[in-house]
Amino acid sequence: AHGIAAGHKNICATGDPDQSIYAWRGADIGNILEFEEDYPDATVIRLEENYRSTRQILSAASRLISFNTQRKDKALWTRREGGADVRVVRCDDEHAEAALLVRRLVEYTSTGGDLDDVAVFYRVNALSRVVEEALIGGGIPYRIARGVEFYNRKEIKDVLAYLRLLVNPDDDLSCARIVNTPARGIGAKTVSKLSALASERGISLLAACGLGREAGLSAAAAGKVKAFGELIAAMQSSLHRPVREIVEDVVRLSGLESLRNGDEDARQAYANIGELISTAEQFDERTDDTSLGDYLHIISLVSDADHYDGDTKGAVTLMTLHAAKGLEFPVVFIIGCEEGLLPFRRESSPGASENFAEMEEERRLAFVGMTRAKNELTLSCARRRMIHGRTRSQGASRFIDEIGSDGVTILDVTTPQRAFARRSGFLAEDTAYSDVQERALIEAQADAIEAPPEYEHLKVGCVIMHPTYGRGRVVRLRRRWPDTRAEIVFDEMGPKTIVLARTSVELLDEYSN
């Protein structure tokens, strides 16, 4: 800049330090903050009138960003009148959060609202998975802006390719995808020679990995593909285990776990893999009959679902907070407003979110998301959330406290602990209880817990609808609540055993004689 303006000393720069959110790409907020020091004669014009958002949204966002010190003070204001309060909603878990979103969208469209006007933001793109599945289940079309759907993300397709190859060693497409993923020094020419040998002998690409020298490979290349074949064989040796354990081993043994120590994009990819591990854990919880093949079949059904409905007006936009900069929507939801997610805490560096500069950038990121909203803004957080296959107690984001209470309505829709215990067979996690106290209380109440009302008339012969497996008939019920297990023969998936307290089945009006 000094060189550009050296002669005429006439230079104009625009920028907003409150929206500097790309430090991980090399952006330096000091370029804006130090401009007046570099050009002491510069005239500063503060653009404080906002033409987009309501007063309530601007006030909450302004209070939030005022906690930052690396900024230029300004007072945002608007001529707009009226407007709804910013809503802060606390839910039981990520599924309740997604269900609340779907209910609001149904209400919004039923009163003439256009889905094109709605956006859902999240700090970590792994959070889109539960929302996507809830929207699909609710028949609500959506699009991923500046990104791809959960099951189409590269790292997810990579892990699924490993799993498919374990189940079907003849799956040459999956084998070709992962033979050099992550990089093992196995190039395209090597794979081409292996494919030629496989075609010539009528064997699979995986089998050809053990015949590298016969395929014309060098000793070094033959050693690499043989090692890959041995890796897959080692993974195949223990497929009888719970699916979650299989997926975790695939991530660890394949080398994909190294993503956790990479840059921002790599860490987002690792978080996506963690979300896939969560789907495996949920699959294991729903049935005692762990089968990797069944799991892959269910994933295929979900990932192949068409999330666009030609009869529905518009589509909800899903995106990360980073992708939201520069955009605007009449209705905005920011999900996952919890410590560790927003502000984000890196798995590889537990104290990273306490870093001064990084915390201020996280706050700017939340500010950017909030100020995308024109008319309606909802911030949601969950009391507990499954992350990397483990359900964790979650604390609300400090940013929720920082937006204050003026023009803000707080809705706590979490289930009271005792009611939740009676409904689900375990207590909702709460920081008031340690894990030991929680387990002791659950055990003490176990004999007094009754089955919830929705299962009052469930008996052998009933026909039910399961959210994942579809329609089925109950052939056996065993154990007392909350450990009640139902053996069900499903029309599409065959016999399964499910723990009723860990899922939700709908009782249909049909019985056997």
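The structure displayed is predicted, hence computed values, not measured ones. (Residues numbered from 1 in each chain as written. Predicted model: local features only at pLDDT ≥ 70, side-chain atom pairs only at ≥ 80, totals over all residues. Heavy atoms only, no water.)

### Overview of the overall build of the chain
Next, step 1: From N to C terminus, the chain includes 18 helices and 14 strands.
Next, step 2: Within the chain, the fraction of its 513 residues that count as buried is 50%.
Next, step 3: Taking the contacts inside the chain whose residues are at least 6 apart along the sequence as the reference set, 71% of them involve residues at least 24 apart.
Next, step 4: Summed over all atoms, the accessible surface of the chain reaches about 24500 Å², with 49% contributed by carbon and sulfur. (Helix = DSSP H or I, 4+ residues; strand = E, 2+ residues; numbered from the N terminus. Buried < 20%, exposed > 50% of the residue type's maximum accessible area, 1.4 Å probe, protein only. Contact = heavy atoms within 4.5 Å. Areas by Shrake-Rupley, 256 points an atom, 1.4 Å probe, with all protein chains shown as cover.)

### Some words on empty space enclosed by the protein
Unoccupied space between atoms shows up once a probe the size of one water molecule is rolled over them.
Next, step 1: Enumeration according to the criterion identifies 2 cavities of 30 Å³ or more in this entry.
Next, step 2: Taken as a whole, the largest cavity holds about 70 Å³ of empty space.
Next, step 3: For the largest cavity, the full set of lining residues is I334, C337, L342, A366, M370, L379, S397, F399, I400 and I403.
Next, step 4: Within the residue set of the lining of the largest cavity, elements represented by two or more residues are α15 (356-370) and α16 (398-402).
Next, step 5: Classifying every residue of the lining of the largest cavity gives 9 nonpolar, 1 polar and no charged.
Next, step 6: By volume, the second largest cavity amounts to about 50 Å³.
Next, step 7: In this structure, the second largest cavity is lined by E97, L100, L101, F333, I335, T378 and S380.
Next, step 8: Elements represented by at least two residues in the lining of the second largest cavity include exactly α4 (94-110) and β6 (373-382).
Next, step 9: If you tally residues by element for the lining of the second largest cavity, the top one is α4, at 3 residues.
Next, step 10: In the lining of the second largest cavity, the residues fall into 4 nonpolar, 2 polar and 1 charged. (1 Å grid on protein atoms, 1.4 Å probe; cavity = no way out; pocket = protein on both sides within 12 Å on 5 of 7 lines; lining within 4 Å. Points joined across faces, edges and corners; volume = space filled by probe spheres on them. Nonpolar A, V, L, I, M, F, W, Y, C, P; charged D, E, K, R; others polar.)

### Thoughts on the pairing of strand β5 (residues 329-334)
Next, step 1: Burial runs high along β5: 6 of the 6 residues are buried.
Next, step 2: The pairing of strand β2 (residues 118-122) with β5 spans 4 bridges and is classified as parallel. Directly across from V120, in β5, lies its bridge partner F333. (Pairing = 2+ DSSP bridges.)

### What about unusual backbone geometry?
Next, step 1: Cis rather than trans, the peptide bond between T181 and P182 has omega equal to -5°.
Next, step 2: Relative to the elements of secondary structure, P182 occurs in the loop between α7 (172-178) and α8 (188-201).
Next, step 3: Here the bond from L342 into P343 is cis, since omega is 10°, no more than 30 degrees from zero.
Next, step 4: Mapped onto the elements of the fold, P343 is located in the loop between β5 and α15.
Next, step 5: Located in the positive-phi region is R146, a residue other than glycine, with phi close to 55°.
Next, step 6: Within the secondary structure layout, R146 lies in the loop between β3 (142-144) and α6 (154-167).
Next, step 7: We note that H388 has phi near 55°; this positive angle belongs to a residue other than glycine.
Next, step 8: Structurally, H388 is set in the loop between β7 (384-387) and β8 (390-393).
Next, step 9: The exposure class of H388 is buried, given its relative accessible area of 13%.

### Looking at the sheet that holds strand β12 (residues 485-490)
Next, step 1: The 5 strands lie next to each other as β13-β12-β11-β10-β14, forming an open sheet whose pairing is antiparallel. Whereas interior strands pair on both sides, the edge strands pair on one side only; in this sheet they are β13 (494-499) and β14 (506-507).

### A few points about helix α10 (residues 219-236)
Next, step 1: The terminal C-alpha atoms of α10 lie 26 Å apart, and with 18 residues this matches the ideal 26 Å at 1.5 Å per residue to within 8%.
Next, step 2: Among all positions in α10, only A221, A222, V225, F228, G229, L231, I232 and M235 are buried.
Next, step 3: On its buried face, α10 is in contact with α6, α7, α8, α9 (205-208) and α11 (243-254). (Expected span 1.5 Å × (residues − 1).)

### Digging into the sheet that holds strand β4 (residues 316-320)
Next, step 1: Strand order across the open sheet formed by 7 strands is β3-β4-β2-β5-β6-β1-β9, with parallel pairing between neighbours. Of all the strands in the sheet, the pair left with one neighbour each is β3 and β9 (408-412). On average, each strand axis in the sheet is tilted by 20° relative to the strand beside it, whichever way the strands run.
Next, step 2: For β5 and β6, the ladder comprises 5 bridges, and the chain directions are parallel. Bridging across to β6, F333 finds its partner in T378.
Next, step 3: Against the sheet, α15 makes contact with β2, β5 and β6, and its axis sits at roughly 130° relative to β6, the strand it touches most. (Axes fitted to C-alpha atoms, helices over the stretch in contact; angles between N-to-C directions.)

### Comments concerning the pattern of salt bridges
Next, step 1: Going through the model one piece at a time under the given rule, you end up with 26 salt bridges.
Next, step 2: The salt bridge involving E362 is made with R123; its shortest N-O contact spans 2.9 Å. Of this pair, E362 sits in helix α15 while R123 sits in the loop between β2 and α5 (128-137), and the two are 239 residues apart along the sequence. For the residue pair E362 and R123, the accessibility class agrees, reading buried in each case.
Next, step 3: Salt bridges linked by common partners bring R123, E264, R267 and E362 together as one network. (Salt bridge = Lys/Arg side-chain N within 4 Å of Asp/Glu carboxyl O.)

### Quick notes on the nonpolar core
Next, step 1: Counting 62 residues, the largest nonpolar core has V159, L163, F228 and Y295 as the members making the most contacts within it.
Next, step 2: Here the element with the most residues in this core is α6; it accounts for 8 residues.
Next, step 3: Leaving out residues up to four positions away in the same chain, F228 has contacts with Y162, L165, C175, I178, V179, R184, I186, L206 and C209.
Next, step 4: Formed by 32 residues, the second largest nonpolar core is a distinct cluster that contains V86, A119, F121 and F329. (Core = buried A, V, L, I, M, F, W, Y, C linked by side-chain atoms within 4.5 Å.)

### Let's talk about the state of the cysteines
Next, step 1: Taken as a whole and judged by the stated rule, the model has 0 disulfides.
Next, step 2: C209 provides the cysteine sulfur closest to C175, a residue in no disulfide bond, and the two sulfurs are 4.8 Å apart.
Next, step 3: Exposure remark for C175: the relative accessible area of 0% places this residue in the buried category. (Disulfide = S-S within 2.5 Å.)

### Overview of the confidence of the model for the chain
Next, step 1: Taken residue by residue, the chain gives an average pLDDT of 82. The fraction at 70 or more is 83%.
Next, step 2: The low-confidence segment residues 348-353, where pLDDT is below 50, has 8 contacts with residues more than four positions distant or belonging to other chains.
Next, step 3: Note that residues 417-449 has pLDDT below 50 and, in this model, 53 contacts with residues that lie over four places away or in other chains. (pLDDT = per-residue confidence, 0-100.)

### Some remarks on the packing of aromatic side chains
Next, step 1: For the structure shown, the criterion picks out 3 aromatic pairs.
Next, step 2: Aromatic side chains F121 and F329 sit 6.2 Å apart centroid to centroid with 70° between the ring planes, which places their arrangement in the edge-to-face category. Taken as a pair, F121 in strand β2 and F329 in strand β5 lie far apart in primary sequence, 208 residues in all.
Next, step 3: According to the relative accessible area criterion, F121 is buried, its value standing at 0%.
Next, step 4: Since its relative accessible area comes to 9%, F329 is described here as buried. (Phe/Tyr/Trp six-rings, centres within 6.5 Å; stacked < 30°, edge-to-face > 60°.)

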